Amino acid sequence: MNAIATSIRPAFPLRVFTEAALDTDAIVAELLEGAGAVILRGLFTPAEIAEARRIVMDESDADAGGAKVTHFQGDAEKAGRINLQRRVWNLLAKGEIFSRMAAHPAIMKVMRAFLGTEFIMGSIAANRILPGGPGQEPHIDYPYWDYHSPETHPARINSSFPLNGQVTIMLDPFTAETGATAFVPGTQRELRYPDEGDGFFDRCERMLGEVGDTVVFFGAVWHCAMPNRSQVDRSAIITQYLPKFVKPMENLPAALPAEFVKRASPDIRQLLGLNYPYPEVLDAARGGNKEGRGY
Ligand SMILES: O=C(O)CCC(=O)C(=O)O
Ligand SMILES: [Fe+2]
């Protein structure tokens, strides 16, 4: 490889960080200007992962009929194989472990540095690829999944700053055979939905990891779940984090019991968007000054 090719191809495999040595400046730089993804290792115990996996398997076993919505499975749907990628939604209501995952202190610290201290959560779900599952269409999540229609976004929108941070917590080994997420390092720098001419599958690397590994990636990087050619399931918790001013993709508080919302910790309240007042019925708000440096 010549010097120019080396300099434009970011380092791979992914950089690995632990909670004890969490260098948020380095992580933010890697997400924006480097590969677009990093691994956080050792955040969860084997027991925590096993508990989350049991719930995800039970819930998704119950959805063999494909009653729940899924994404980037257009080809699979046509081929009658859509039930080989199963989502489990509304995880916060399905076990306390998922609140611990969503608001893990290391993830909170990274996202505060990446998306601003008052960032929120737009979605938390599991993605299970069953043996034989065909994988997904290459796509981006910026800030959601719909950048295939760029004209619906503002003029000159670009990825120089993040409108999305994605977290994947591996509940099974992520290997080339099981369908570890594929991505093209560095593609987050030019905001574009990948198309057929981009040679995604020739250029992609994989987010390989062990059970419990946590990938943090910038959703503007081209990526997709890959076919599961193994005999075992490949599941992950997939969480979307957003700056406070982006309307969340899921209406999370509406899906949760009122009691859950009432008892939520300060971090979970922040993630649910309950700390940020807007939109507000300002005509009904108490009089007086409410915003500005001196407030
Ligand atoms: O499960 C995966 O490997 C990736 C899922 C994904 O990118 C998505 O659903 O947006
Ligand atoms: Fe995605």
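Residues numbered from 1 in each chain as written. Chains lettered and ligands numbered in written order. Predicted model: local features only at pLDDT ≥ 70, side-chain atom pairs only at ≥ 80, totals over all residues.

**Concerning the overall build of the protein chain**
Then step 1. When helices and strands are counted, the protein chain shows 10 helices and 10 strands.
Then step 2. The C-alpha atoms of the protein chain give a radius of gyration of 19 Å, which matches the 19 Å a tight globule of 295 residues would have.
Then step 3. Its C-alpha atoms put the protein chain at 60 × 50 × 40 Å along the principal axes.
Then step 4. The buried share of the protein chain, reckoned over its 295 residues, is 40%.
Then step 5. Sequence-distant contacts in the protein chain: of pairs separated by 6 or more residues, those separated by 24 or more amount to 82%. (Helix = DSSP H or I, 4+ residues; strand = E, 2+ residues; numbered from the N terminus. Rg over C-alpha atoms; globule rule 2.2 N^0.38 Å. Buried ≥ 20, exposed ≤ 12 C-beta atoms within 10 Å, placed from the backbone. Contact = placed C-beta atoms within 7 Å.)

**Digging into the site of ligand 1**
Then step 1. Around ligand 1, the neighbouring residues are His71, Asn127, Asp141, Thr181, His223, Cys224, Ala225, Ala236 and Ile238.
Then step 2. Elements represented by at least two residues in the shell around ligand 1 include exactly β9 (223–224) and β10 (234–242).
Then step 3. Of the residues in the shell around ligand 1, the class split is 4 nonpolar, 4 polar and 1 charged. (Near = placed C-beta within 6 Å. Nonpolar A, V, L, I, M, F, W, Y, C, P; charged D, E, K, R; others polar.)

**Concerning the confidence of the model for the protein chain**
Then step 1. Confidence in the prediction of the protein chain, expressed as mean pLDDT, is 93, and 96% of residues score 70 or more.
Then step 2. Low pLDDT (under 50) marks residues 1–10, which in the prediction has 5 contacts with non-local residues, meaning those over four places away or in another chain. (pLDDT = per-residue confidence, 0-100.)

**A few points about the pairing of strand β1 (residues 15–18)**
The side chains of a regular strand alternate between the sheet's two faces.
Then step 1. Both β1 and strand β2 (residues 37–41) contribute to a ladder of 4 bridges, which runs parallel. Across the sheet, residue Thr18 finds its bridge partner in β2, namely Arg41. (Pairing = 2+ DSSP bridges.)

**Focus: the packing of helix α2 (residues 24–32) against helix α6 (residues 105–115)**
Two packed helices can be described by the angle between their axes and the distance between those axes.
Then step 1. Where α2 meets α6, the axes come as close as 9 Å, and the angle between the chain directions of the two elements is 60°. Classified by the interaxial angle, the pair formed by α2 and α6 is oblique. Note on packing geometry: the crossing formed by α2 with α6 is right-handed. For the pair α2 and α6, the contacting residues are Thr24, Ile27, Val28 and Leu31 in the first and Lys109, Val110, Ala113 and Phe114 in the second. (Axes fitted to C-alpha atoms, helices over the stretch in contact; angles between N-to-C directions. Parallel < 35°, antiparallel > 145°, perpendicular 65-115°, else oblique. Left-handed = near helix turned anticlockwise from the far one by under 90°.)

**Brief notes about the sheet that holds β10**
Then step 1. Taken together, 7 strands build an open sheet; the order of strands is β1-β2-β8-β5-β10-β4-β3 and the sheet is mixed. Pairing within the sheet leaves two strands with one partner each, and these edge strands are β1 and β3 (85–88). Each strand of the sheet is rotated relative to its neighbour by a mean of 25°, with strand direction disregarded.
Then step 2. Taken together, the 4 bridges between β2 and strand β8 (residues 214–217) define a ladder with antiparallel strand orientation. In the sheet register, Leu40 faces β8, and the bridge partner there is Thr214.
Then step 3. On the sheet, α6 packs against β2, β5 (165–170), β8 and β10 and is oriented at approximately 160° with respect to β5.

**Remarks on the environment of Ser123**
Then step 1. Mapped onto the fold, Ser123 is located in strand β4 (residues 120–129).
Then step 2. For the pair Ser123 and Gly186, spaced 63 residues apart in sequence, the C-alpha separation works out to 24 Å.

**A few points about the sheet that holds β9**
Then step 1. As summarised here, the arrangement of the 3 strands in space is β7-β6-β9, forming an open sheet in which the pairing is antiparallel. Each having just a single partner strand, β7 (205–206) and β9 make up the two edges of the open sheet.
Then step 2. Bridge count between strand β6 (residues 182–183) and β9: 2 bridges; the pairing is antiparallel. The residue of β9 that forms the bridge with Ala182 is Cys224.

**Topic: the pairing of β10**
Then step 1. Taking burial as the measure, the 9 residues of β10 include 9 buried ones, the bulk of the element.
Then step 2. In terms of strand pairing, β4 meets β10 through 9 bridges, oriented antiparallel. What sits directly across from Ile120, in β10, is Leu242.
Then step 3. Across 6 bridges, the pairing between β5 and β10 is antiparallel. Note on β10: the bridge partner recorded for Val167 is Thr239.

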